[in-house]
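# Remarks on the overall topology
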Amino acid sequence: MISLAQLHNQLGNDLRPASGNTVAQRKISGVHISELEDPTPYLEGGELLLTTGIPLVGPATRVPAYVQRLVDRDVAALGLGLGAGVDHIPPALLDACRSAGLALMLVPDGTPFMKVSRAYWDLVGREGQADLAASLGTQTALARAAAQPDALASVIKALAQALGGWAAYVPADNGEETLWPESNRAILGPLRVEASRLNMAATHSAATFQIHGTDVVEYPVLVGRRAAGFLAIGAGRKLTRADRQVIMTVCVLLSLKAAQSQEKDAMAVALGSAVTKLFLSGYVEAGRAQAADLGFTVPPGPVRVLMVRGSDDPTADARALEGRLSRETGWTAAGAALKDSRLLHVEGTLACWLLDAEHHGGTTDPAETSPSFNRWGTEGSGAVAQGGRSESYTSGKQGHRHPTERRSPATDVAAVISRPMSLVRVREEIGELTALARRLEPHQIVEVAAGELDPRVQEWVSALRGYTRADLVSTVRAYLQHRGQWEGAARQLGVHRNSLRHRMGIATALLHADPDDPDVAANLWLALRSE
């Protein structure tokens, strides 16, 4: 915006201060001419008002009242033209302006008001061209930054430097933030809170708030109708119109980048699913050839099959499982292998990953792992369903469980992970792994050896078959099929739930094992489902 001092410098003696003092740096929004006694209804505030002095003629009280009206309307300055209405400055006007703090300028006789207006608009035009040039230069730099390999970091840095402050991009999916300068990382925590709030509220407009006493403006970066992330700005100065145009340009660039990334990810998932399905169907050589053509890495040696039952977002399920897999199976590279695998096939709420069993990643200390579902009652920890609730336990010798403190799993995802096997064998084992994954309670993770049941399972089945007073095989199978829900299992068997409870008590005594133990239940189900 043009200042009164700039206009004075442009016009020289054609617009000079009445008192001979230095001209104020106050910004003016325009030049307006009026001879009305009260021109304020036609003013917005911030103008330089030009008059020939006609409204000042009359009683002495008229002048202070006139000046006060201008001050109340926030007029930036009053310009008095000499030669038409008055030939010199009325003392009352000079005193009133000085008392009210209103800048008083003189337009000498012979200088048309049009010259003042034209000078103002010339300055506005030059400033607009300068802003445009600066904006175009900045936008060109941003376009070049967007073409760099590290496009996001380059764009954020270029924007922050253009605004003389800091800038950050906060992904809506809780991904890693991008910030410049890095020394301002203390801002990220509050930014993430605000971004989450805006995302939950589905707010698709800019929001302004304060962090650490600094004004922050946050803009949503949209892909379609969903926010892919949020661009946060902490400018080192007041934002101009050109600055806002640059910010909008950055939002568009980030939106395009996010859309491209989503399309690329979706294509990679589709191709990975096609390759994985070849392996699951037994076409190992075809799967390897297709993966090589697509640039996918296929484990050269044994694999582990991970079957996950969860939500309709397998990526989120995988992220939730990364840490748990390493802790609860003892395989320290489990999380890293899952993160690196692109061999994923999804059907409904079941997702199947093929993981590199010889993956060398992972940072978990084996001494710190606590396997929840180790094979067949060896030492570890896990969860046993009791009456519809879940309790933690530690396992000692085979067959003995000791309740400990209750845990609160962070996710409802359940998973089965196999021991290492060859890709050729995957087709033979996938059916049992899928059935076991469907059977698990929420939060459970079970590790099983391919093609191998608990050596006790045949004894369990024989014990159930040998009981002649009731059909315990059908009873236990129905109980397992309904995941320990008494009503559903009793309805399927056509008996009262108390009768079912009695039978299950007998079965538990015969088995010398707890059917609610995930290891016991998994093996019993695999053995009894075809009985």
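Residues numbered from 1 in each chain as written. Predicted model: local features only at pLDDT ≥ 70, side-chain atom pairs only at ≥ 80, totals over all residues. Heavy atoms only, no water.

### A short note on helix H15 (residues 497-511)
Worth spelling out the cut-off: Labels follow the DSSP assignment, with helices taken as runs of H or I lasting at least four residues and strands as runs of E lasting at least two, numbered in each case from the N terminus. The length a helix should cover is 1.5 Å for every residue beyond the first. The criterion used for residue contact is that any of the two residues' heavy atoms lie within 4.5 Å.
Along its 15 residues, H15 runs 21 Å from first to last C-alpha, staying within 8% of the 21 Å computed at 1.5 Å per residue. The inward-facing, buried residues of H15 contact helix H12 (457-466), helix H13 (472-481), helix H14 (486-493) and helix H16 (518-528). Note on H15: the residue one or two positions beyond its end, His512, has a positive phi of about 55°.

### Here's the deal with the pattern of salt bridges
We count it as follows: What counts as a salt bridge is simple: a side-chain nitrogen of Lys or Arg found within 4 Å of a carboxyl oxygen of Asp or Glu. Burial classes follow relative accessibility: with a 1.4 Å probe on protein chains only, a residue under 20% of its type's maximum area counts as buried, one over 50% as exposed, and anything between as partly exposed.
For the coordinates displayed, the defined rule picks out 11 salt bridges. Here Asp14 makes a salt bridge to Lys115, at a shortest N to O gap of 2.5 Å. Highlighted residues: Asp14 in the loop between helix H1 (4-11) and strand S1 (16-17) and Lys115 in helix H4 (residues 113-146), separated in sequence by 101 residues. What makes Lys115 partly exposed here is its relative accessible area of 35%. Here Asp38 makes a salt bridge to Arg69, at a shortest N to O gap of 3.8 Å. Of this pair, Asp38 sits in the loop between strand S2 (30-33) and strand S3 (47-51) while Arg69 sits in helix H2 (residues 62-72), and the two are 31 residues apart along the sequence. A single salt-bridge network, built from bridges that share partners, covers Arg304, Arg419 and Glu447.

### Focus: the packing of H13 against H16
The test is simple: Only the contacting stretch of a helix is used when fitting its axis, a line to C-alpha atoms as for every element, and angles between N-to-C directions run 0 to 180 degrees. Orientation labels follow simple angle bins: below 35 degrees gives roughly parallel, above 145 gives roughly antiparallel, 65 to 115 gives roughly perpendicular, and whatever is left gives oblique. By definition, turning the near helix anticlockwise from the far helix through less than a right angle yields a left-handed crossing, and turning it clockwise yields a right-handed one. Just so you know the grouping, Ala, Val, Leu, Ile, Met, Phe, Trp, Tyr, Cys and Pro go in nonpolar, Asp, Glu, Lys and Arg go in charged, and all remaining residues, Gly too, go in polar.
Interaxial distance between H13 and H16 falls to 10 Å at its minimum, and their mutual angle equals 120°. By the angle between their directions, the pair H13 and H16 is classed as oblique. Between H13 and H16 the crossing geometry is left-handed. Across the interface between the two elements, Val473, Val476, Arg477, Leu480 and Gln481 from H13 touch Ala521, Leu524, Trp525 and Leu528 from H16. Across the contact of H13 with H16, the residue classes break down as 7 nonpolar, 1 polar and 1 charged.

### Here we look at the pairing of strand S6 (residues 166-171)
What counts is decided by this rule: Between any two strands, pairing holds if DSSP finds at least two bridges.
Of all 6 residues making up S6, 6 are buried, and the element is well covered by its neighbours. Here S6 shows two buried faces, one formed by Trp166, Ala168 and Val170 and the other by Ala167, Tyr169 and Pro171. Judged from the 6 bridges that link them, S6 and strand S10 (residues 226-234) form a sheet pairing that is antiparallel. Directly across from Val170, in S10, lies its bridge partner Phe230. Two strands pair when backbone bridges link them, and S6 and strand S7 (residues 178-180) are joined in this way by 3 bridges, in the antiparallel orientation. What sits directly across from Tyr169, in S7, is Thr178.

### Describing the side chain of Thr40
Residue placement: Thr40 occurs in the loop between S2 and S3. Owing to a relative accessible area of 12%, Thr40 belongs among the buried residues under this scheme.

### Observations regarding helix H11 (residues 423-439)
Put simply, the rule is: Here the bend at each residue means the angle between axes fitted to two seven-residue stretches, the one ending at that residue and the one beginning there.
Across its 17 residues, H11 extends 24 Å between first and last C-alpha, which sits within 8% of the 24 Å expected from 1.5 Å per residue. Considering bend angle alone, the principal kink of H11 is centred on Glu429 and spans about 50°. Among the residues of H11, Leu423, Val426, Glu429, Ile430, Leu433, Thr434, Ala435, Leu436, Ala437 and Arg439 are the ones counted as buried.

### With respect to the packing of H13 against H15
Contact geometry for H13 and H15: axes closest at 10 Å, N-to-C directions at 105°. Here H13 is positioned roughly perpendicular relative to H15, judged by the angle of their axes. Side by side, H13 and H15 meet where Leu472, Thr475, Val476 and Tyr479 of the first sit next to Leu500, Arg503, Met504, Ile506, Ala507 and Leu510 of the second.

### With respect to the sheet that holds strand S5 (residues 103-107)
One open sheet holds the 5 strands; their spatial order is S1-S5-S4-S3-S2, and the pairing between them is mixed. For this open sheet the edge positions go to S1 and S2, each flanked by a neighbour on one side alone. Sheet analysis places S2 next to S3, joined by 4 bridges and oriented parallel. Across the sheet, residue Val31 finds its bridge partner in S3, namely Leu48.

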